[in-house]
Structures are given as structure tokens and as C-alpha cells.
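# Secondary and tertiary structure notes
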Amino acid sequence: MQRKAIVIGATGLVGQHLVKQLSELYDTLIVIARRPPRYINASMRFYQVNDFDNLAEVFASVGADRKTDAFTCLGTTKKQAGSSEAFRKIDHDYNVGFARLCQQKGVENFFLLSSMNADIDSRFSYNRVKAETEQSIMALDFAHLFIFRPSLLLGKHQGRPLESIGQKAFKLISPLVSESLSLHPISAKRVASAMAMSAHDIYERSKYRTEPMTKAIHIIENKQMLAMTRVKL
């Protein structure tokens, strides 16, 4: 069976690692982004979207179907977006819009990058929007929805000075901090690995089942991702 995946948010901290790993698992990897990802190989098809408000027009030509796995690593911050409204539009509206387009095409497996602090009752808008996005996509009733909730992401951030300071501080104390702690920071590459591993696991299990798999929502917390990717990457 020819395997196909579609990704948005492919040029971000996690996304750039994810596309490289997915390209080794899928026969065809569709990337929709404003600019090409750093890593490109023969299995990739790049579709440029200058404005995600026009995502539906681009999506119509990519050929997604129920055998396509969909991934989103799309996200930003209020500072990068410029306002609370713009932040919500990117983190919630664009992600949910993408999920709806996938559902309309019959996509069964959806993989969402969220945040450890996603909380609908949080006093912080970032955490609330992450939770709202999760809930909106849960309501779409995919056969398998995987939600990944990492802690502080380790890697080179652009325009996120507070996270860069946090990373520098963590490097000083990391030898003393156990990965068994749920708040332990995690590298973007390891998060991407957890996403790719989850997709591959579903695929392998589906090959040996004689009846449809039961629908499920899988919440992959930071501690679980650390355990899944214990080998240093």
C-alpha cells in the first residue's frame, strides 16, 4: 500500500525535523507552507500557500484521502503574531480549518502538536487557545487523533527570547535533572520522533487487523514522549 502524509507547520522548530523523519516512512509527503522546508527529497511535494486564509484552494489539489495521515505543527506566539486575535487565528482557526479539510477528504489519522499547559480554564490566553484547538479537533471525530503536549522545546527559536533564556538556564542544570520529571524540557527532534513513531505504530498494527480499529483519542504527554525517545537524538 502506498503511504501518504500531509503536513502544515513544516518550517517550524518541530516541523522541520518531522518532515525529514516522515520522508523515510511515507511514499509521498505533501508539505503545505509559505516557504519550502529546509529538507527536501524526492518523496516530497511542496505546495506554497501565501495566506492560510486560502488554504482550502491549495488543499483541493493535493489529493488527500482516507489513506493519508495528517500532521500539524503550526503554531506561533502572541508576540510573533502581533496581537491576541492574530495569535488565535493561527493557532486555532488555521489548525482547525486544516483538520476540517482533512476530515472532508476522509482522513482517518490526525496528529496535532499542542502544549503541556493546554488548559481551557487557564488565565493565560496561550494555554486557553491550545486547549480550545484540541477540543475543536476532538469534535471532528477522526478515527485516531494524537495530541502531543511537550514541555519547553529545546532548539533554535526565532523571536522567542524568553524560551532561549530558559534553554540556556536548563543546559546549566540538565545533568542534575531526571527525565522522569514531567516538566523536563524536550528537544524538538524528539517530539518529531514521537509523532513519527506514533504514526508508524498505527500503520504497523493496521496491517495485522482483520477488523477496523476502534476510534480513539491519544493524548501523548511530555513524560511519555521522553520515554518513547529515550535514546539521545
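First things first, this report covers the structure right here in the doc. All values reported here derive from a predicted model rather than from experimental measurement. (Residues numbered from 1 in each chain as written. Predicted model: local features only at pLDDT ≥ 70, side-chain atom pairs only at ≥ 80, totals over all residues. Heavy atoms only, no water.)

### Looking at the pattern of salt bridges
Heads up, the rule is: For this analysis, a salt bridge means a side-chain nitrogen from Lys or Arg found within 4 Å of a carboxyl oxygen belonging to Asp or Glu. Relative accessible area decides the class of each residue, using a 1.4 Å probe on protein chains only: under 20% of the type maximum gives buried, over 50% gives exposed, and in between gives partly exposed. Here a helix means four or more residues in a row that DSSP labels H or I, a strand means two or more in a row labelled E, and each is numbered from the N terminus.
Here the structure, examined in full by the defined rule, presents nine salt bridges. Residues Asp93 and Arg88 are paired through a salt bridge, measuring 3.4 Å at the closest nitrogen-oxygen approach. Take Arg88: its relative accessible area is 31%, and that puts it in the partly exposed class. Taking the shortest distance from any N to any O, the salt bridge between Arg149 and Glu221 comes out at 3.0 Å. Residue Arg149 is found in strand β6 (residues 144-149), and its partner Glu221 is found in strand β9 (residues 216-221); the two are separated by 72 residues along the sequence. Look at Arg149 and you get buried, because its relative accessible area is 16%. Of the residues examined, Glu221 reaches a relative accessible area of 32% and is grouped as partly exposed. Each of the salt bridges in this network shares a partner with another, and the network as a whole consists of Arg88, Asp93 and Glu132.

### What about the environment of Tyr203?
Counting through the fold element by element, Tyr203 comes out in helix α7 (residues 188-207). Of the residues examined, Tyr203 reaches a relative accessible area of 17% and is grouped as buried. Along the sequence, Tyr203 and Asp69 sit 134 residues apart, while their C-alpha atoms lie 9.8 Å from each other.

### Some points on the side chain of Thr229
Condition: Any two residues having at least one pair of non-hydrogen atoms within 4.5 Å are treated as being in contact.
For Thr229, the position within the fold is in the segment after α8 (222-228). By relative accessible area, which is 4% here, Thr229 ends up buried. Look past the residues within four positions of Thr229 in its chain and what remains in contact with it is Arg190, Ser193, Ala194 and Met197.

### Considering the packing of aromatic side chains
Note the cut-off: Aromatic rings from Phe, Tyr and Trp, taking only the six-membered ring of Trp, are treated as a pair when their centres fall within 6.5 Å; an angle between ring planes under 30 degrees marks them as stacked, one over 60 as edge-to-face, and anything in between as tilted.
According to the stated counting rule, one finds nine aromatic pairs in the structure shown. Pairing Phe87 with Tyr126 gives two aromatic rings, centres 5.6 Å apart and planes at 15°, and the pair type is stacked. Note that Phe87 is positioned in helix α4 (residues 84-104) and Tyr126 in helix α5 (residues 125-138), a separation of 39 residues in sequence. Since its relative accessible area comes to 2%, Phe87 is described here as buried. The exposure class of Tyr126 is partly exposed, given its relative accessible area of 29%.

### Concerning the sheet that holds strand β4 (residues 68-72)
Where we set the bar: Note on pairing: DSSP must find at least two bridges between two strands before they are called paired. Between N-to-C directions, angles cover 0 to 180 degrees, with each direction set by a line fitted to C-alpha atoms, over the stretch in contact for helices.
Strand order in the open sheet made by the seven strands is β3-β2-β1-β4-β5-β6-β9, with parallel pairing throughout. The open sheet terminates on both sides in strands that have one partner only, identified here as β3 (44-48) and β9. Between one strand and the next, the sheet's axes are offset by a mean angle of 15°, whatever the strand orientation. Inspection of the sheet shows strand β5 (residues 109-113) paired to β6 by five bridges, in the parallel sense. Along β6, the bridge assignment pairs Leu112 with Ile147. Here α5 sits on the sheet in contact with β5, β6 and β9, set at roughly 170° to β6.

### A closer look at α5
We count it as follows: To estimate how far a helix should reach, multiply one less than its number of residues by 1.5 Å.
Here α5 spans 20 Å end to end across 14 residues, near enough to the 20 Å set by a 1.5 Å rise per residue. If you check which residues of α5 are buried, you get Asn127, Val129, Lys130, Ala131, Thr133, Glu134 and Ile137. Packed against the buried residues of α5 are α4, β5 and β6.

### Some thoughts on unusual backbone geometry
Even without a glycine there, the phi angle at Asp141 is positive, about 65°. Relative to the elements of secondary structure, Asp141 occurs in the loop between α5 and β6. Note on Asp141: relative accessible area 48%, which makes it partly exposed.

### So, the pairing of β6
Using the following cut-off: With strands facing away from the observer, any crossover in which the path from the first strand over the helix to the second runs clockwise is taken as right-handed.
Judged by how many residues are buried, β6 sits mostly within the fold: six of six residues are covered. Because side chains alternate across β6, one face comprises the buried residues His144, Phe146 and Phe148, and the other comprises Leu145, Ile147 and Arg149, equally buried. Note that the unit made of β5, α5 and β6 has a crossover that is right-handed. When β6 meets β9, the two strands line up parallel, connected through six bridges. Bridged to Ile147 within β9 is Ile219.

These figures come from the coordinates and say nothing about function on their own.
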